[in-house]
Structure formats: structure tokens, C-alpha cells
Amino acid sequence: MGFGIVSSSSESDIENESTVEDRLGNCEVCGANKAIYTCPRCEVKTCCLDCVRIHKAELECNGIRDRTKFVRVKDFTNTDLLNDYRLLEECARFVYSVKKDEKKRFTRIDKDLPIHLYKLKLAARKRGTVLQFLARNFTRNAINTTKLDFKKNLIYWRIEWIFPSIDGNPLKFIDEKCAENKKISDLLDKYLNPDVLPFEGSRSLGYYRSAGLSGVKVLLKSEKVKGSHRKFFELDPSESLCENLSGKCIIEYPIVFVVLKDHAYNFDIITPVFTEDEFDYHNKIEDNPAIREDISVSSEPQSKRKRVLLTEKIAQERKKEIEKEVKEHRKKQPKNLLFTTGYSSEESIHTDTEDEVIK
């Protein structure tokens, strides 16, 4: 009996294989054998592992099923419904894990910043500087030491000084605590003054120390500007750090390039994006929801309002002058008092028409 059972099961397996081969048809790669496998992504029928590898190389297929592939309603089955449900469950789990992760909890667009960063951002805004923060898992955020002294109401910035060198390896120096009320020239004195006590890496600053402060340009790396990786703002060494950062956007901390004036042509120097007045106007819009609603409700944006050209203004003024001269000329003309009492018929016609136009 045992042999009879084995023989019956083997016969059923053979029948199932034959039905699968008949259903899939011939191999779409070689065309010589019956197809056994179906690619989950492109649904190409193959017969062996070699044909699978050939179809992946020719069609650049990775063999992974596309979970967001379009399916027609008439072809939609319970299996597709179950796959979509599992995909939504995975997305929900991912979102929940991101919310739970403390490193990804605070981002530069999230308003729920820690209290000390929120106060620092407000203090920078009052000084005309847009300060933004990266997520906690970024290195630039982890090493940032910029802070606000609440008692003195003073911001101490972390500054990264970069001195481009001839050999292509720039020199980098970092100041962890730079007071905002200090001038740029005072902050650069220890790097450009040859009489200062030597420190690590100071020997490589020979070219800059020989040029002095008058022979270099201080450039701030731009942020939130199109092509910002190669655009810079020029800073005034005679002004304070706070005045130089006003009207500019800073991400975490400023990155300042100190370059020789002879090499300044290699840098794309641009003007600040915002002036102080424009920055205050944008802050008022952000802080006052009523202004924001008025702007959104208005049918025509401010940038698209019709502006009167200078030529039109000159033409209108010229027209008024001509009308004034015509009126004065009419007053000087002699009046015909023969048929009218005080005014000529011609003048009365003109005055009547003028009154109608004014009305």
C-alpha cells in the first residue's frame, strides 16, 4: 500500500507541473522550453536560472515586485487588496517610529524646538538674522555651540574660519564662542596678526599674515540661495558680527571664508537677499496672522499690482499744464458783451462742457 500512495502522490505532482507549464507557456527568453517562473516585477516567463539572469540584464530588472503598480479595477483581486493594506500598515509604522525617535523629532521646519533654541532663534530674528536648525542626527547640529546669554542678552556664535590655500587643501579654524558685539577685525586679529603667540596651524597662515587685514576679503557662505554652495556675501571687517549677519540666513552657525584680494575673483560675491526693512516686513507677516490672512484673501498679489510708469506720470503732468495754459489764454481773450450778459457764447460753451467733464 505504501508504494501505491507514493506513486499516486508523484502522479499528482507531475500533473500540477504540467498544468503550470501549460498555463505559463513557453519561455520568453530562449523559447525552447516550457516556462516555470514568472518575474514578480515585469512578469516575464522564464524556464531556468540562466534565462532569469539574461532577462534581468537585458531589461535592467531587479526582480522586486512594484508595490505601487497601477492595477485596473477589473483586474483587482483580494490579493491586491491585502498587499495594499500591508503597505499602508508599513507606512503607518514608519511614521510612528520617526515620531518616537528623539533624533528625528526636531527639524528645521518644526515649530516645537527646545526652549533654548527657540529663544535663540527669536533673539537672532530681532537682530535681523534668519537662524535655522538641522535635525539632531546631523553632525553640523551636534557640534554647534552657538548660544544665547539670557542675562546679558548677547549671542555667542560658533564661527568656522576657512582660509583657502594654493595647494587646494583649505585651512580650517573654529572659534567656539564669538560675541556678537565684537568686530570682525578683532576676531581675525589672532589669525592675521604676525605678533600674536603661535598656535597649532598658525605657520600655514604666512601668506595671509603678510597681506594683513587690508589685503584680504571676508566672505560669508550664503544659505537658502539658489546655487548657495558657490555664492558668498562680503562682510565689513570694521563692523560688528551682529551688523554683518543682519539681513542674512544662517543655518546652525556662520561659515566665513578669508581670501586674498587677488584671489577674490574665484568667488561669486552677491548682495544680501533681504534688507532690514524687508526682513521686518516678513517677520510682521509671520507673527501677525491677520496680515497673513489679508494677503491670502486679496485677489491680486502685491507683486502683480499695476504700477504707473514714469513716462505715464510725465504725460499726465504735461496734460495738466496744457489745460492750465488753455484756461489762462481764454481768460485773456476779449469778451463779446453784445448778445450775452458777461460771457461770450463761445466761452459759455467751453465752460459748460468742462463742467460736464468734471461732473
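Preceding this paragraph is the structure being described.
Owing to the predicted nature of the structure, the values given are computational and were not obtained by experimental measurement. (Residues numbered from 1 in each chain as written. Predicted model: local features only at pLDDT ≥ 70, side-chain atom pairs only at ≥ 80, totals over all residues. Heavy atoms only, no water.)

**Student:** I'd like to hear about a nonpolar patch on the surface, residue by residue, with values.
**Tutor:** Where nonpolar side chains cluster on the molecular surface, the patch consists of V71, F76 and L81 and spans about 250 Å² of accessible area. Among the structural elements, F76 can be located in the loop between α2 (49-59) and α3 (78-100). A residue is classified by how much of its surface remains accessible, and F76, at 37% relative accessible area, is partly exposed. (Patch = residues over 30% accessible without salt bridge, like charges linked within 9 Å, V, L, I, M, F, W, Y side chains within 5 Å. Areas by Shrake-Rupley, 256 points an atom, 1.4 Å probe, with all protein chains shown as cover. Salt bridge = Lys/Arg side-chain N within 4 Å of Asp/Glu carboxyl O. Helix = DSSP H or I, 4+ residues; strand = E, 2+ residues; numbered from the N terminus. Buried < 20%, exposed > 50% of the residue type's maximum accessible area, 1.4 Å probe, protein only.)

**Student:** How would you summarise the packing of aromatic side chains if you had to cite specific residues and measurements?
**Tutor:** With the rule as written, the count across this model stands at ten aromatic pairs. Centre to centre, the rings of F163 and F173 are 5.8 Å apart; their planes meet at 75°, and the pair counts as edge-to-face. Linking F163 in strand β5 (residues 154-163) with F173 in strand β6 (residues 171-179), this pair joins segments that are ten residues apart in sequence. Taken as a pair, F163 and F173 share a single burial class, namely buried. Ring geometry for F173 against F199: centres 5.8 Å apart, planes inclined by 85°, an arrangement best described as edge-to-face. Of this pair, F173 sits in strand β6 while F199 is found in the loop between α7 (189-192) and α8 (206-211), placing the two residues 26 residues apart along the sequence. (Phe/Tyr/Trp six-rings, centres within 6.5 Å; stacked < 30°, edge-to-face > 60°.)

**Student:** How would you sum up the nonpolar core? Please name residues and give values.
**Tutor:** Judged by nonpolar contacts, the single largest core of 35 residues is most densely connected at W157, I159, W161, F163, L188, Y208 and L241. Looking at this core, the element that brings in the most residues is β5, giving five residues. Every residue in contact with F163, bar those within four places of it in the chain, is listed here: P170, L171, F173, L188, Y191, L192, L205, Y208 and V258. Listed in part, the eight residues of the second largest apolar core include L219, F232, F257 and V259. (Core = buried A, V, L, I, M, F, W, Y, C linked by side-chain atoms within 4.5 Å. Contact = heavy atoms within 4.5 Å.)

**Student:** A description of the pairing of strand β8 (residues 231-235) should follow, citing residues and the corresponding values.
**Tutor:** In terms of burial, β8 is largely enclosed, as four of its five residues are buried. Strand direction decides the pairing type here: strand β7 (residues 216-221) and β8, joined by four bridges, are antiparallel. In the strand pairing of β8, L219 is matched with E234. Where β8 and strand β11 (residues 268-270) come together, three bridges link them in parallel fashion. Bridge assignment links F232 to a residue of β11, and that residue is I269. (Pairing = 2+ DSSP bridges.)

**Student:** Break down the pairing of strand β10 (residues 255-260) for me, citing the residues and quoting the values.
**Tutor:** Buried residues dominate β10, accounting for six of its six residues. Here β10 shows two buried faces, one formed by I255, F257 and V259 and the other by V256, V258 and L260. Here β7 runs beside β10; their pairing, made up of five bridges, is antiparallel. Bridge pairing in β10 links V216 to L260.

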